[in-house]
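So you can see what is in the structure, the chains are spelled out below.
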Amino acid sequence: VWSGALLSVLPRAALGLGPSLSLRLSEQTELYTELAYWLPVELETEGGKRAVAHGVSIAPRLCPRLAGTPQSLFDLRVCGGARLGVWIVAQTRPHVPDSHVRFLAQALLEMRGALRLGGGTQLELGVGPILTLQRTSLYAVQDDGTQVPLYRMPVLGVFGGLGLII
């Protein structure tokens with residue numbers, strides 16, 4: 001089970017939940033992958049146009065161990081990988097029946113620590129920068145059909161995640 005937050009990616013923090021998988025490739029390297037559903041975040045223009053964005057993503061990372069062993073109480077890894085997914089944006093004011101989909105592509109670099117709780121269970125905490133590879137623009141639609149920008153993804157952001165591996 002995994003939960004996380006994207007900071008500086010949308011106008012305010014986006015919280016995500018989902019399953020994660022950790023696969024030991026060697027004594028020193030793990031492949032860590034998370035699937036996430038990003039909970040809805042409300043967006044608003046200065047002119048009062050509103051929309052709600054939520055999304056799904058997959059984030060595989062390769063994680064070499066810096067300190068500790070698979071048997072030690074604590075270990076520290078540095079992870080590099082990517083997050084790929086989509087944001088689904090639905091306009092709420094004025095109401096427009098259509099939603100639009102925007103792709104998400106980010107490079108991740110993460111410091112990840114693990115605390116072993118016993119019985120194969122471990123608590124993991126990760127944090128690191130995000131580099132947006134595709135600067136997605138989210139928009140609203142005016143009554144006359146023209147598009148009004150709601151938000152454009154910044155180049156840099158921050159990621160934090162907490163996981164319970166069983």
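Residue numbers run consecutively from 1 along every chain, following the written order of its sequence. Only residues with pLDDT of at least 70 get local features here, since the model is predicted, and only at 80 or more are side-chain atom pairs given and counted; chain-wide, interface and lining totals rely on the full set of residues. Excluding hydrogens and water, the side-chain figures rest on all heavy atoms present in the structure.

(A) Main features of the overall build of the chain. Within the chain one finds 0 helices and 11 strands. The secondary structure listing takes helices from DSSP runs of H or I that are at least 4 residues long and strands from runs of E that are at least 2 residues long, numbered from the N terminus. For the chain, the succession of helices and strands along the chain, N to C, is β-β-β-β-β-β-β-β-β-β-β. Its C-alpha atoms give the chain principal-axis dimensions of roughly 65 × 25 × 20 Å. Residues counted as buried form 42% of the 166 residues belonging to the chain. Residues count as neighbours in contact if any of their non-hydrogen atoms are within 4.5 Å of one another. Contacts in the chain between residues at least 24 apart in sequence constitute 59% of all its contacts with a sequence separation of at least 6. Note on areas: Shrake-Rupley, 1.4 Å probe, and residue coverage restricted to the protein chains presented here. A total of about 8400 Å² of accessible surface is found on the chain, and carbon and sulfur atoms cover 66% of it. Note on classification: 1.4 Å probe, protein chains only; a residue is buried when its accessible area is under 20% of the maximum for its type, exposed when over 50%, partly exposed between these limits.

(B) Local environment of the pattern of salt bridges. Note on definitions: salt bridges are taken to be side-chain nitrogens of Lys or Arg within 4 Å of carboxyl oxygens of Asp or Glu. Evaluated as defined, the whole model comprises 12 salt bridges. D75 is the salt-bridge partner of R77, the closest N and O atoms lying 2.6 Å from each other. A single burial state applies to R77 and to D75, both of which are buried. We note a salt bridge from E124 to R112, for which the minimum N-O separation is 3.0 Å. Of this pair, E124 sits in strand β8 (residues 121-132) while R112 sits in strand β7 (residues 95-118); the two residues are 12 residues apart in sequence, bridging distant segments of the chain. As far as the burial class goes, E124 and R112 line up, both buried.

(C) Spotlight on a nonpolar patch on the surface. Exposure above 30% relative accessible area and the lack of any salt bridge qualify a residue for a patch; like charges then connect within 9 Å, and the nonpolar side chains Val, Leu, Ile, Met, Phe, Trp and Tyr within 5 Å. Residues L73, F74, L115, L117, L123, L125, L162, L164 and I166 make up a contiguous nonpolar surface patch of roughly 890 Å² in combined accessible area. Looking at the nonpolar patch, the elements with two or more residues in it are β7, β8 and β11 (156-165). With respect to the helices and strands, F74 occurs in strand β6 (residues 74-93).

(D) Representation of the pairing of β11. Side chains of β11 alternate between two faces, with G157, F159, G161, G163 and I165 buried and L156, V158, G160, L162 and L164 left unburied. Where β8 lies against β11, 10 bridges are found, and the strand directions are antiparallel. If you follow V127 over to β11, its bridge partner there is G160. We treat two strands as partners when DSSP finds at least two bridges between them.

(E) Fine view of the environment of V127. Structurally, V127 is set in strand β8. For V127, a relative accessible area of 48% puts it in the partly exposed group. Distance in space between the C-alpha atoms of V127 and A5 is 9.5 Å, their sequence separation being 122 residues. When neighbours within four sequence positions are excluded, V127 is seen to be in contact with L109, E110, M111, F159 and G160.

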